[in-house]
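Each chain is listed here by its residues.
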Amino acid sequence: MDFLTNARYGQAIPDAQVNLPAFTSYAAYCDETQDGEVRHTLNYVLDRDVRVQTALLEMIGGNRAIMLKSEGLWTPRVTRNDAAVQLLSWANCSNVNLTYLRDRDRINVFEARFANEAVESQSFAQDVLTWPSIDDWPADVRKAGLDIRGVTKPTRVMRALQFELNRRQFENLALSIDCSLEAVVLSIHDVFRFSHPLPGWGTSGRLREGSTTTNLVLDVDVVVEAGESYHAYVRHEDDTVDVRNVTHPGAGTFRTIALTAPLSQTPIARTSVWAFGLSSPTETAVQLFRVVKMQRHEAHVHIEAIRHNPSIYDEAVGTPITGITTLFNPLGASPPLTHLVATELF
């Protein structure tokens, strides 16, 4: 923060333009204990002319953070397993595009260049570390290099490299949507819930008249199967989201569902958004995505996001998310022919 506010060696940004609670939260994140040591300590020397954005990225990029200017305030945001802050559905979005990603280079080994504090010298010596260790290399090695600045302890560098490997392997679904201005509460790095029936991510819409804190009147039918457990999400006018288990009414199709516990507030008809789906063994009502880019237009917000995988942040090795989709797989078996048009040309 001194680099932003100091008038002599910083940018002389007024304190009123700094998000102090966000910096406090970021400091607490850095002080967390991981693998028996403090998560992150910055050891950084700025001895050359660089742009402010470059210097900030070097200072906090080694700890999975970026610096944003949000609502006029400089705010650090950490890439971690955050709680979702918003519920979006097909009731308030359009132009939905899903893109399945893969690492074209199939990188499976990273090589980091960093200043190693474990090497005894007057100044930290430049060192090279590969991850995973050579004993654990796969048969077909595909290596990439990274420059990590500000991180000088080998164990922290190893965690940073494992995170990059996890991202390349497990961040494999991108989403782009155009949303109504209800989405402006989101910012870069926020995690949000998304429900859409086409890929099989729950049933959703807007609540109808007659909805109460314990009974929801829906605008489309939901299908309930015997022996399954269901829950419902409700996003209120103030953007808070409640999730409640649903009282099982028996197998059938319903437009009204009862909740096992009351909502925090009474929903507003045609304003409150809802999403419905299985609660176990696999969540089907929503999928979690992280915002990576936002463009605000006059009447809508364009959002680009990546599917959020909680396992890639602090686990040694990430795990894939169970695929839930009813979309046609172009690599699978051909679906049955249901419609054919023949046109004769002369």
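Coordinates for the structure precede this section.
Residues numbered from 1 in each chain as written. Predicted model: local features only at pLDDT ≥ 70, side-chain atom pairs only at ≥ 80, totals over all residues. Heavy atoms only, no water.

A look at the overall build of the protein chain
Thought 1: Along the backbone of the protein chain there are four helices and 19 strands.
Thought 2: In terms of principal-axis extent, the alpha carbons of the protein chain reach across some 75 × 55 × 55 Å.
Thought 3: Residue burial in the protein chain is summarised as follows: out of 346 residues, 40% are buried.
Thought 4: For the protein chain, the share of sequence-separated contacts (at least 6 apart) that also reach a separation of at least 24 residues comes to 71%. (Helix = DSSP H or I, 4+ residues; strand = E, 2+ residues; numbered from the N terminus. Buried < 20%, exposed > 50% of the residue type's maximum accessible area, 1.4 Å probe, protein only. Contact = heavy atoms within 4.5 Å.)

Concerning the environment of T5
Thought 1: Residue position: T5 is located in helix 1 (residues 2–5).
Thought 2: Separated by 208 residues in the primary sequence, T5 and T213 have C-alpha atoms spaced 47 Å apart.
Thought 3: Beyond its immediate chain neighbours, meaning those up to four positions away, T5 contacts A12, I13, D15 and V18.

Topic: the sheet that holds strand 11 (residues 191–195)
Thought 1: Taken in spatial order, the six strands of this open sheet run 5-11-18-19-10-6, and their pairing is mixed. Strands at the two margins of the open sheet, each flanked by one partner only, are strand 5 (87–89) and strand 6 (93–100). Between one strand and the next, the sheet's axes are offset by a mean angle of 35 degrees, whatever the strand orientation.
Thought 2: The sheet contact formed by strand 10 (residues 173–179) and strand 19 (residues 301–307) spans six bridges and is antiparallel. The residue of strand 19 that forms the bridge with L175 is A305. (Pairing = 2+ DSSP bridges. Axes fitted to C-alpha atoms, helices over the stretch in contact; angles between N-to-C directions.)

As for a nonpolar patch on the surface
Thought 1: A surface patch of nonpolar side chains, amounting to about 210 Å² of accessible area, comprises L181, V184 and V185.
Thought 2: Relative to the assigned elements, V185 resides in the loop between strand 10 and strand 11.
Thought 3: What makes V185 partly exposed here is its relative accessible area of 40%. (Patch = residues over 30% accessible without salt bridge, like charges linked within 9 Å, V, L, I, M, F, W, Y side chains within 5 Å. Areas by Shrake-Rupley, 256 points an atom, 1.4 Å probe, with all protein chains shown as cover. Salt bridge = Lys/Arg side-chain N within 4 Å of Asp/Glu carboxyl O.)

Things to note about the sheet that holds strand 17 (residues 273–280)
Thought 1: Reading across from one edge, 12-17-14-15 is the order of the four strands in this open sheet, with antiparallel pairing throughout. Whereas interior strands pair on both sides, the edge strands pair on one side only; in this sheet they are strand 12 (203–206) and strand 15 (241–245). Direction aside, neighbouring strands of the sheet carry axes that sit 20 degrees apart on average.
Thought 2: For strand 14 (residues 229–235) and strand 17, the ladder comprises seven bridges, and the chain directions are antiparallel. Paired with R235 across the two strands is V273, which belongs to strand 17.

Examining the side chain of H196
Thought 1: Take H196: it is sitting in the loop between strand 11 and strand 12.
Thought 2: At a separation of 3.2 Å, a polar atom in the side chain of H196 contacts the main-chain amide nitrogen of L198.
Thought 3: Beyond its immediate sequence surroundings of up to four residues, H196 is in contact with W90, V96, W201 and G202. (Polar contact = N/O pair within 3.5 Å; in protein donor to acceptor, adjacent residues only side chain to side chain.)

So, the pairing of strand 17
Thought 1: Most of strand 17 sits out of view: six of its eight residues are buried.
Thought 2: Two strands pair when backbone bridges link them, and strand 12 and strand 17 are joined in this way by four bridges, in the antiparallel orientation. Across the sheet, the residue bridging to T203 is F276, located in strand 17.

Considerations on the nonpolar core
Thought 1: Within the largest apolar cluster, 17 residues are counted, with the highest numbers of intra-cluster contacts made by L4, Y26, L56, M59, I60, M67 and W74.
Thought 2: Not counting residues within four places of it along the chain, the set of residues in contact with L56 comprises F3, L4, G61, M67 and W74.
Thought 3: If you look at the next biggest cluster of nonpolar residues, it comprises 16 residues, including I177, V291, V301 and I303. (Core = buried A, V, L, I, M, F, W, Y, C linked by side-chain atoms within 4.5 Å.)

Comments concerning helix 4 (residues 154–170)
Residue pairs three or four apart in sequence face the same way in an α-helix, which turns once every 3.6 residues.
Thought 1: Its 17 residues place the ends of helix 4 24 Å apart at the C-alpha level, agreeing with the 24 Å of an ideal helix rising 1.5 Å per residue.
Thought 2: Among the residues of helix 4, P154, R156, V157, R159, A160, L161, Q162, F163, L165, N166 and F170 are the ones counted as buried.
Thought 3: For helix 4, the secondary structure elements touched by its buried residues are strand 1 (33–34), strand 2 (37–38), strand 7 (109–116), strand 8 (125–131) and strand 9 (143–147). (Expected span 1.5 Å × (residues − 1).)

Overview of the packing of aromatic side chains
How two aromatic rings sit relative to each other is given by the distance of their centres and the angle of their planes.
Thought 1: As enumerated under the stated definition, the model contains six aromatic pairs in all.
Thought 2: Here F192 and F289 contribute two aromatic rings whose centre-to-centre distance is 6.2 Å and whose plane-to-plane angle is 25 degrees, an arrangement assigned as stacked. Remark: F289 occurs in strand 18 (residues 287–296) and F192 occurs in strand 11; sequence separation between them is 97 residues.
Thought 3: Put simply, the rings of F192, F194, W201 and F289 touch in pairs and so form one group of aromatic residues.
Thought 4: In this arrangement the basic side chain of R64 is found over the ring face of F163, its NZ or CZ atom lying 4.5 Å from the centre. (Phe/Tyr/Trp six-rings, centres within 6.5 Å; stacked < 30°, edge-to-face > 60°. Lys NZ or Arg CZ within 6 Å of the ring centre and 35° of its normal.)

Regarding helix 3 (residues 52–61)
Thought 1: Within the sequence span of helix 3, burial applies to A55, L56, E58, M59 and I60.
Thought 2: On its buried face, helix 3 is in contact with helix 1, helix 2 (20–30), strand 3 (65–70) and strand 4 (73–78).

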